[in-house]
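Next come the chains, spelled out residue by residue.
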Amino acid sequence: MPIKPALHAACQHYVQQRIKACQHAMQAAQESANSETKSSAGDKYETGRAMAQNERDRNAVQLQQAKQLQGELDRIQPDKPCDTVRPGALVQTSMGRFYISISAGKLTVEGQDYFAVSAAAPVAAALSGRRVGEQAVFNGKPVQIQGIE
């Protein structure tokens, strides 16, 4: 499998794992809230339910963020070649290899390390619009663009 589609699949897997984890945590928080029993200390019951609701709400926000990442990935066509640094580009630089997609961190595909970063990430913003052979400055250091797929 070519590298870009494999990286895209790894990002898809990352997002699916986040979605599953959020859904599981929301379900666990709901079950916890439902299992709180009324005790003679009524405040304890209300506090426990409120804490479980807060946990569920926090996980709902994380689920929404994961679904937003999924939407960003869905807009990228990994089979489409790129000649400039933009979303969907696989960029080889003097600093390392970057897949401009979503913020999924370090991914290892076919024994090579890549960093999946969003287009809004500082390194992607510094490289954005550049072509092979051009140079950008990131964190005060020059970064040479060696290849773009």
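To keep things clear, this report deals only with the structure shown in the data block. (Residues numbered from 1 in each chain as written. Predicted model: local features only at pLDDT ≥ 70, side-chain atom pairs only at ≥ 80, totals over all residues. Heavy atoms only, no water.)

With respect to the overall build of the protein chain
Step number 1: Check the secondary structure of the protein chain and you find 3 helices and 6 strands.
Step number 2: When the elements of the protein chain are put in sequence order from the N terminus, they spell out α-α-β-β-β-β-α-β-β.
Step number 3: Against the 2.2 N^0.38 benchmark of 15 Å for 149 residues, the protein chain shows a C-alpha radius of gyration of 21 Å, more extended than a compact globule.
Step number 4: Projecting the C-alpha coordinates of the protein chain onto the three principal axes gives extents of approximately 75 × 35 × 25 Å.
Step number 5: Split into buried and exposed, the 149 residues of the protein chain put 38% on the buried side.
Step number 6: At a minimum sequence separation of 6, the contacts of the protein chain that also span at least 24 residues come to 55%.
Step number 7: On the protein chain, roughly 8700 Å² of surface is accessible, and the fraction owed to carbon and sulfur atoms is 50%. (Helix = DSSP H or I, 4+ residues; strand = E, 2+ residues; numbered from the N terminus. Rg over C-alpha atoms; globule rule 2.2 N^0.38 Å. Buried < 20%, exposed > 50% of the residue type's maximum accessible area, 1.4 Å probe, protein only. Contact = heavy atoms within 4.5 Å. Areas by Shrake-Rupley, 256 points an atom, 1.4 Å probe, with all protein chains shown as cover.)

What about the pairing of strand β3 (residues 105-109)?
Step number 1: In this structure, β3 lies alongside strand β4 (residues 112-118), joined through 5 bridges in antiparallel fashion. Bridge pairing in β4 links T108 to D113.
Step number 2: Linking two consecutive strands that pair antiparallel, namely β3 and β4, is a turn of 2 residues; a positive phi of about 50° is found at E110 within it. (Pairing = 2+ DSSP bridges.)

Brief notes about the environment of G129
Step number 1: Mapped onto the secondary structure, G129 falls in the loop between α3 (122-127) and β5 (135-138).
Step number 2: Residue G129 is classed as partly exposed on the basis of its relative accessible area, which comes to 45%.
Step number 3: For the pair G129 and K141, spaced 12 residues apart in sequence, the C-alpha to C-alpha distance is 18 Å.
Step number 4: In contact with G129, other than residues within four places in its own chain, are T84, V85 and E134.

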